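Close look at the chain arrangement
Here's the letter readout for the chains.
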Amino acid sequence: MQEAETSDADGDEMVFYQVMTEGSWEVTACVIPSQEAKGESRYMMFDDIQSEEIKQAFEDTLNRRTGCKQGRLFWDSSMYHVFDGVEDGFFQTKYDKDFEAFIKRESEMRRDVPRSLTAYLAREPDAVNGICEYYVPGPLLQIEDRLYEDRPFEGEFLSEIVRISKEFRQCAADYHIQIRGITLPDYLFEGTIEQAESGART
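Worth saying up front: this structure is predicted, and the values here are computed from it rather than measured.

Procedures and definitions
- Residues numbered from 1 in each chain as written.
- Predicted model: local features only at pLDDT ≥ 70, side-chain atom pairs only at ≥ 80, totals over all residues.
- Heavy atoms only, no water.
- Phe/Tyr/Trp six-rings, centres within 6.5 Å; stacked < 30°, edge-to-face > 60°.
- Helix = DSSP H or I, 4+ residues; strand = E, 2+ residues; numbered from the N terminus.
- Buried < 20%, exposed > 50% of the residue type's maximum accessible area, 1.4 Å probe, protein only.
- Expected span 1.5 Å × (residues − 1).
- Arc of directions from axis to C-beta.
- Polar contact = N/O pair within 3.5 Å; in protein donor to acceptor, adjacent residues only side chain to side chain.

A word on the packing of aromatic side chains
Per the counting criterion, the structure on display carries 10 aromatic pairs. Relative to phenylalanine 99, the ring of phenylalanine 58 lies with its centre 5.0 Å away and its plane at 15 degrees, an arrangement referred to as stacked. In this pair, phenylalanine 58 is assigned in helix α1 (residues 51–66) and phenylalanine 99 in helix α2 (residues 99–110), connecting sequence segments 41 residues apart. With relative accessibility at 5%, the residue phenylalanine 99 sits in the buried group. Here the aromatic rings of phenylalanine 99 and tyrosine 175 are separated by 5.6 Å at their centres, their planes lie at 80 degrees, and the arrangement is edge-to-face. Of this pair, phenylalanine 99 sits in helix α2 while tyrosine 175 sits in helix α4 (residues 152–175); the two residues are 76 residues apart in sequence, bridging distant segments of the chain. Across the pair, tyrosine 175 and phenylalanine 99 agree in class, each one buried. Grouping aromatic residues by their ring pairs yields a cluster made of Phe58, Trp75, Phe91, Tyr95, Phe99, Phe102 and Tyr175.

So, in structure tokens, the structure goes:
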């Protein structure tokens, strides 16, 4: 276990710990003091044991809510300080096959993380569960399609985009996360997903 130290904007110091795999620098858990401990020795531990399962459950949930069966989610759940913090894929709450219950509890726990680890988040203030990009395949609109509003193809397509955008905003509020939805023409979708997955593995 490695001990680290950081400080917030007011100069208050805080000690937290990173649990690493023996013989390597791979972090498997992050142990930080609770903001509500009030002098007591109470800590929270974030680990990546269920990371893949949780992220898949979130993608399945978004697909269900948006109606986009082919939607792909890339979720960065980190809570970064300038130097250290809760890394992507690390969660405090045990996942018991109920994503709605999980994310509600996880949001509550993350609000208890000291400000020194959340003060520099480059995202919306309430997005304690991180930020994600959600890709969905869609038709390619030609220039002539965009010029004529009375074309049924365009009207149906744009109304669907508006519907999904509203659902994104509701999901962001419900799950305390920042979501960026990206619609790609079919011929770009597979290549973009492959490239994104390759980047996520490196």
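Regarding α2
Here α2 contains 12 residues, and its C-alpha end-to-end distance of 16 Å stays within 8% of the 16 Å for a straight helix at 1.5 Å per residue. Residues of α2 that are buried include every one of Phe99, Phe102, Ile103, Glu106, Ser107, Met109 and Arg110, and no others. For α2, the buried positions fall inside an angular range of 160 degrees around the axis, keeping them on one side. Measuring from the side-chain oxygen of the N-cap residue of α2 to the backbone nitrogen of glutamate 100 gives 3.3 Å; that N-cap residue is aspartate 98.

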